[in-house]
Amino acid sequence: MKDKVITTVIKECSYSELEPKDQYLVDTAKNATKNSYAPYSRFHVGAAILLDNGEIVMGANQENAAYPSGTCAERSACFYASAKYPDVPMKKIAIAAWTALHTDPQSDYESGFQHHPISPCGACRQALLEYEARYGDIEVILYGKDSIYILPSVKSLLPLSFTEF
């Protein structure tokens, strides 16, 4: 028997250290949180995906009283991207989360964003991973007010992934 070590390299930076095009993608994900329907959790997630053709598509979580009928922002965005632009590879995804628990939405929207990045749930990781297996690496940018994480691929989030189908 032997141990197997799995390492994930995550770059950490501030918003100001991002390239302008990545700042725009993060801003789009943050703006997408406003399209979230989250009356139960009050946890609003936005995602923005940059496609190989230069288009950016957004998604936002959509809850439903008949749990788990809703969908996450990441799957909302990748399914929309695939439906609107079939066969166009996804290059990057930015994800941001906002909650009214941190602020009064009428006073300062910016203060409601999470201090630390959140990462996609397992279902979203698998959905994104299948697009990555189909088209190539999708860079992942996870936004937090205090720090931003950049991962080179979705597989970095799901190292023991299932892609042989």
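Rules and cut-offs
Residues numbered from 1 in each chain as written. Predicted model: local features only at pLDDT ≥ 70, side-chain atom pairs only at ≥ 80, totals over all residues. Heavy atoms only, no water. Helix = DSSP H or I, 4+ residues; strand = E, 2+ residues; numbered from the N terminus. Rg over C-alpha atoms; globule rule 2.2 N^0.38 Å. Buried < 20%, exposed > 50% of the residue type's maximum accessible area, 1.4 Å probe, protein only. Contact = heavy atoms within 4.5 Å. Expected span 1.5 Å × (residues − 1). Axes fitted to C-alpha atoms, helices over the stretch in contact; angles between N-to-C directions. Parallel < 35°, antiparallel > 145°, perpendicular 65-115°, else oblique. Left-handed = near helix turned anticlockwise from the far one by under 90°. Nonpolar A, V, L, I, M, F, W, Y, C, P; charged D, E, K, R; others polar. Phe/Tyr/Trp six-rings, centres within 6.5 Å; stacked < 30°, edge-to-face > 60°. Lys NZ or Arg CZ within 6 Å of the ring centre and 35° of its normal.

Caption draft 1: Geometry of the overall build of the protein. The helix and strand tally for the protein stands at 3 helices and 6 strands. Listed by position from the N terminus, the elements making up the protein come as β-α-β-β-α-β-α-β-β. Its C-alpha atoms give the protein a radius of gyration of 16 Å, near enough to 15 Å, the size a compact globule of 165 residues would have. In terms of its C-alpha atoms, the protein occupies a principal-axis envelope of roughly 55 × 40 × 35 Å. Looking at the 165 residues of the protein, the share that counts as buried comes to 43%. For the protein, the share of sequence-separated contacts (at least 6 apart) that also reach a separation of at least 24 residues comes to 64%.

Caption draft 2: Spatial organisation of helix H2 (residues 73-84). The end-to-end C-alpha distance of H2, which contains 12 residues, comes to 16 Å, matching closely the 16 Å that a straight helix rising 1.5 Å per residue would cover. Looking only at H2, the buried set comprises Ala-73, Glu-74, Arg-75, Ala-77, Cys-78 and Ala-81. In this structure, the buried side of H2 is in contact with strand E2 (43-51), strand E3 (56-60), strand E4 (90-99) and helix H3 (122-135).

Caption draft 3: Just the environment of Lys-30, in detail. Structurally, Lys-30 is set in helix H1 (residues 20-32). On the basis of relative accessible area, Lys-30 is assigned to the buried category, the value being 10%. Those residues within four positions of Lys-30 in sequence are excluded, and the remaining contacts are Ala-96, Glu-110, Phe-113 and Tyr-143.

Caption draft 4: Geometry of the packing of H2 against H3. At a minimum axis separation of 9 Å, H2 and H3 run at an interaxial angle of 30 degrees. Classified by the angle their axes make, H2 and H3 are roughly parallel. Seen along the crossing, H2 lies across H3 with a hand that is left-handed. Mapping the contact onto sequence places Glu-74, Arg-75, Cys-78, Phe-79 and Ser-82 in H2 and Ala-123, Cys-124, Ala-127, Leu-128, Tyr-131 and Arg-134 in H3. Of the residues that constitute the contact of H2 with H3, the class distribution is 7 nonpolar, 1 polar and 3 charged.

Caption draft 5: The packing of aromatic side chains, seen in detail. All told, the structure shown has 3 aromatic pairs when counted by the stated rule. Measuring from ring centre to ring centre gives 4.6 Å for Trp-98 and Tyr-109, while their planes differ by 5 degrees; the resulting arrangement is stacked. Taken together, the residues span a long stretch of sequence, with Trp-98 in strand E4 and Tyr-109 in the loop between E4 and H3 at a distance of 11 residues. Following the ring pairs from residue to residue traces out a cluster consisting of Trp-98, Tyr-109, Phe-113 and Tyr-143. Seen from the ring of Tyr-15, Lys-30 lies directly overhead, with NZ or CZ sitting 5.8 Å from the centre. Seen from the ring of Tyr-109, Lys-34 lies directly overhead, with NZ or CZ sitting 5.0 Å from the centre.

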